[in-house]
Structure formats: C-alpha cells, structure tokens
Amino acid sequence: MVLELYLDMLSQPCRAVYIFAKKNNIAFMMKNIEMLKGQQFSEDFNKVNILRKVPVLKDGDFTLEESTAILLYLSRKYNTPSHWYPPDMKKRGRVDEFLAWQQSTIHVSCSKIFWLKVVIPMFINQQLPPEKLHDVTEDLTTNLQKLEDKFLRDQPFLIGTEISLADLVAIVELMQCMGAGWETFEGRPKLQEWRKRVEVFLGKELFAEAHARILNNQEMRNMTIDPSLKVQLKPFLLKMMK
Ligand SMILES: N[C@@H](CCC(=O)N[C@@H](CS)C(=O)NCC(=O)O)C(=O)O
C-alpha cells in the first residue's frame, strides 16, 4: 500500500516532509489539505487526524502526526543517507536538540509573522496593532540570532559539515517569513551563504517547486474565503492579534 502524505504547501512542516520524501525518492500519494478552504476541519480529515493539523503520514493502518516524528519515521523506514540523522551519538544529539529547540522558537516566530501579515488580513478587515507586529519581529530577530550563534556558527550546515534534518526543518521556517515579506536573510551574510548551500543540496528545482505557493502568494491573497470559515476562525484570529 502506497504511503499517503496529507500536506498543504503553505505550511512549513509540510514542505519539510514533502522535500524530504522527494529528495530521497520515497514514493507517496499526496493528499492536499487546503487550510485556507478549511479542509482541516472536514469530517474526512477528522477521521485521519483528530488534531486537525497537517502534516500527517498514513502508512497502511499506521497514522503519524508531527513533522519531526514523520521525518524520523521516513529516515528509518527508508534507510535514507545517514547525514540526515547521523548515527554518531553527539551529532544525533545536536540534531535532536535543534528539532526540539525550533518548535518553540523559530517555528513560533515564523508562523506568527505569516499569520499576522498574510493570513489574518485575508480573514479580518481590522488594523493590526503595530506593537503586536513589533513584538513578533523582535522575537524573530532574537531567534535568528540564536540560530546563528548556537547552531550555525562558522560551520557549513547547522550541525557540522553535512546537511541534516536540522537544516531542512530550519530552511522551510525561514522561507515562511520570506513569504510574509520579511527579508529574513538581509544583513545576515552567514545565514545567506547557508541558505545557498542548503538550496543547492536539495536541488534548486525541488526547492522552488516546494516554495512556489508561499513565495508567489498573490493568487492566495486574492482568494475568496468562505464566509462561514471566517466566522469560525474569527475568535482565534482576534486572540492572535492581541
Ligand atoms: N508541530 C506540528 C505543527 C503542526 C501545525 O501546526 N500545522 C499547521 C500548519 S503549519 C496546521 O495544520 N494548522 C491548521 C489549523 O491550525 O487549523 C508539526 O511540526 O507538524
């Protein structure tokens, strides 16, 4: 039975899973879940994942959520090249450290900036308090600095000389901020060089394909949002704006 991946390419964890599967020639059936159409709330998707989040992997009767768990599952099941998740205990420890760290730092900052600058204006016709955006961009700047100082340092990749899951998970996050019009790499030459190395390794074509929707989001911004979805999400979005 072919592996199924439930993904929305607007989501950074989904892109990490997509790129990893493609780069490693893992055969899968793509199940598109369009969050902006509210498809994560559908009855069908609820049967797959009661958490109503993407990405989700379905391997026969086994269902797995959380992108980092999915990436690790795929790396083990398909015995992907060891640089992704090195067997050396200390290097592996570093990858684990990064995967844990990013969830509460860059993932949060990059998601917030995208929601505030792109998604919320599509749903709510209300001015964003400038101090809110200021706080989020301040956190983002702090987290980018930590990413450089603690993980990248003067190395080619986040945990050393070879690319790992840490780099993949990081790059899709930073591209999310670019999708929100935030010049993530400006004034950060080290990070800029790292981005080029990661992009070249992953393959420029695959990288561009995976990021096409997030970077060329004019079509998305012009989308008509279902009025009932607007009503459903309004309380959550107003809370995010506070
Ligand atoms: N920690 C999870 C994050 C999953 C997540 O928050 N997914 C978002 C997209 S990035 C989602 O499905 N949102 C739909 C919603 O909240 O309604 C992972 O790494 O997979």
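Predicted, not measured: the structure shown is a model, and the values here were computed from it. (Residues numbered from 1 in each chain as written. Predicted model: local features only at pLDDT ≥ 70, side-chain atom pairs only at ≥ 80, totals over all residues.)

(A) Representation of the nonpolar core. Counting residues in hydrophobic clusters, the biggest one holds 55 residues, and the most contacted among them are V17, I113 and A166. Top contributing element to this core by residue count: helix α7 (residues 165-179), with ten residues. Residue-level mapping places this core at the junction of two domains, with at least three residues from each of domain 1 (3-80) and domain 2 (86-241). Excluding anything up to four places from it in sequence, I113 contacts V136, T137, L140, C177, A180 and W182. (Core = buried A, V, L, I, M, F, W, Y, C linked by C-beta atoms within 7 Å. Buried ≥ 20, exposed ≤ 12 C-beta atoms within 10 Å, placed from the backbone. Helix = DSSP H or I, 4+ residues; strand = E, 2+ residues; numbered from the N terminus. Domains from an automatic or database assignment. Contact = placed C-beta atoms within 7 Å.)

(B) Examining the packing of helix α4 (residues 89-104) against α7 more closely. Remark: α4 packs on α7, axes separated minimally by 9 Å, with the N-to-C direction vectors making an angle of 20°. If you check the angle between α4 and α7, you find them roughly parallel. Note on packing geometry: the crossing formed by α4 with α7 is left-handed. When α4 is examined against α7, the residues V95, F98, L99 and Q102 are found in contact with a partner set consisting of L165, A166, V169, A170 and E173. Taken together, the residues of the contact of α4 with α7 break down into seven nonpolar, one polar and one charged. (Axes fitted to C-alpha atoms, helices over the stretch in contact; angles between N-to-C directions. Parallel < 35°, antiparallel > 145°, perpendicular 65-115°, else oblique. Left-handed = near helix turned anticlockwise from the far one by under 90°. Nonpolar A, V, L, I, M, F, W, Y, C, P; charged D, E, K, R; others polar.)

(C) Just the environment of V136, in detail. Following the sequence through the fold, V136 ends up in helix α6 (residues 130-152). When the C-alpha positions of V136 and C110 are compared, they lie 8.8 Å apart, and in sequence the two are 26 residues distant. Residue contacts for V136: discarding those within four places in its chain leaves S109, K112, I113 and L116.

(D) Up close: the sheet that holds strand β4 (residues 62-65). One open sheet accounts for four strands, arranged β2-β1-β3-β4; its pairing is mixed. Across the chains shown, the open sheet's two edge strands, defined by having one partner strand only, are β2 (28-32) and β4. Ignoring strand direction, the axes of neighbouring strands in this sheet form an average angle of 20°. Here strand β3 (residues 56-59) runs beside β4; their pairing, made up of four bridges, is antiparallel. Bridging from a neighbouring strand, V56 pairs with E65 of β4. Of the strands in this sheet, β1 (3-7) and β2 are in contact with helix α1 (residues 12-23), which crosses β1 at around 145°. (Pairing = 2+ DSSP bridges.)

(E) Structural context of helix α9 (residues 204-215). Taking 1.5 Å of rise per residue, twelve residues should cover 16 Å, yet α9 covers just 14 Å from first to last C-alpha, more than 12% shy of that figure. Those residues of α9 not exposed but buried are F207, A210, H211 and I214. Seen from one end, α9 has its buried residues packed into an arc of 80°, which puts them on one side. With respect to the buried face of α9, the exposed residues turned more than 90 degrees away are E205, A208 and A212. (Expected span 1.5 Å × (residues − 1). Arc of directions from axis to C-beta.)

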